[in-house]
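An overview of the molecular structure
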Amino acid sequence: MMVKFKLPVILAARSGLGTINHTLLTLAALHAAELPVHGVVLIGDQNRENRETIEKFGHVRVIGESQAAHLHRTALMQVFLNHFDRSAFAQ
């Protein structure tokens, strides 16, 4: 479906141990499929080193971070308002 519509992808990845390998492999697959990647959202405790490494080697921006344990509309909106780069979503 993603290949058919060529819509920009926002990749959700965990922020902790193992994320660099998994995220970079996923980004490589998305790029190989010629899918536009809008950015990465990291989920879990903040980890500056992992964020910087993913941005540098994945050639992508981390556009948000979330520690939300309970996912529901109100919690997601609060996370978005407080922890996402809203300019990444402006047209």
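Please refer to the structure higher up on the page.
Okay, so let's go over this structure. (Residues numbered from 1 in each chain as written. Predicted model: local features only at pLDDT ≥ 70, side-chain atom pairs only at ≥ 80, totals over all residues. Heavy atoms only, no water.)

Right, let's get into the environment of Gly-18. Looking at where Gly-18 falls in the secondary structure, it is placed in the loop between strand S1 (9–14) and helix H2 (19–32). Note: C-alpha distance between Gly-18 and Met-77 (59 residues apart in sequence) is 27 Å. (Helix = DSSP H or I, 4+ residues; strand = E, 2+ residues; numbered from the N terminus.)

End to end, H2 covers 19 Å across 14 residues, agreeing with the expected 20 Å (1.5 Å per residue, within 8%). In this fold, the buried residues of H2 make contact with helix H1 (2–5), S1, strand S2 (37–43) and helix H3 (48–58). Backbone geometry just downstream of H2 places Glu-34 in the positive-phi region, at approximately 60°. (Expected span 1.5 Å × (residues − 1). Contact = heavy atoms within 4.5 Å.)

Turning our eyes to something else, we now look at H3. Along H3, the positions that sit buried rather than exposed are Asn-50, Ile-54 and Gly-58. Around the axis of H3, the buried residues are gathered within 35° of arc, so they sit on the same side. Facing away from the buried side of H3 by more than 90 degrees, the exposed set consists of Arg-48 and Lys-56. Considering only its buried residues, H3 is in contact with H2 and S2. In this structure Asn-47 caps H3, since a side-chain oxygen of it lies 3.3 Å from the backbone nitrogen of Glu-49. In the stretch just after H3, His-59 is the one whose phi turns positive, near 50°. (Buried < 20%, exposed > 50% of the residue type's maximum accessible area, 1.4 Å probe, protein only. Arc of directions from axis to C-beta. Polar contact = N/O pair within 3.5 Å; in protein donor to acceptor, adjacent residues only side chain to side chain.)

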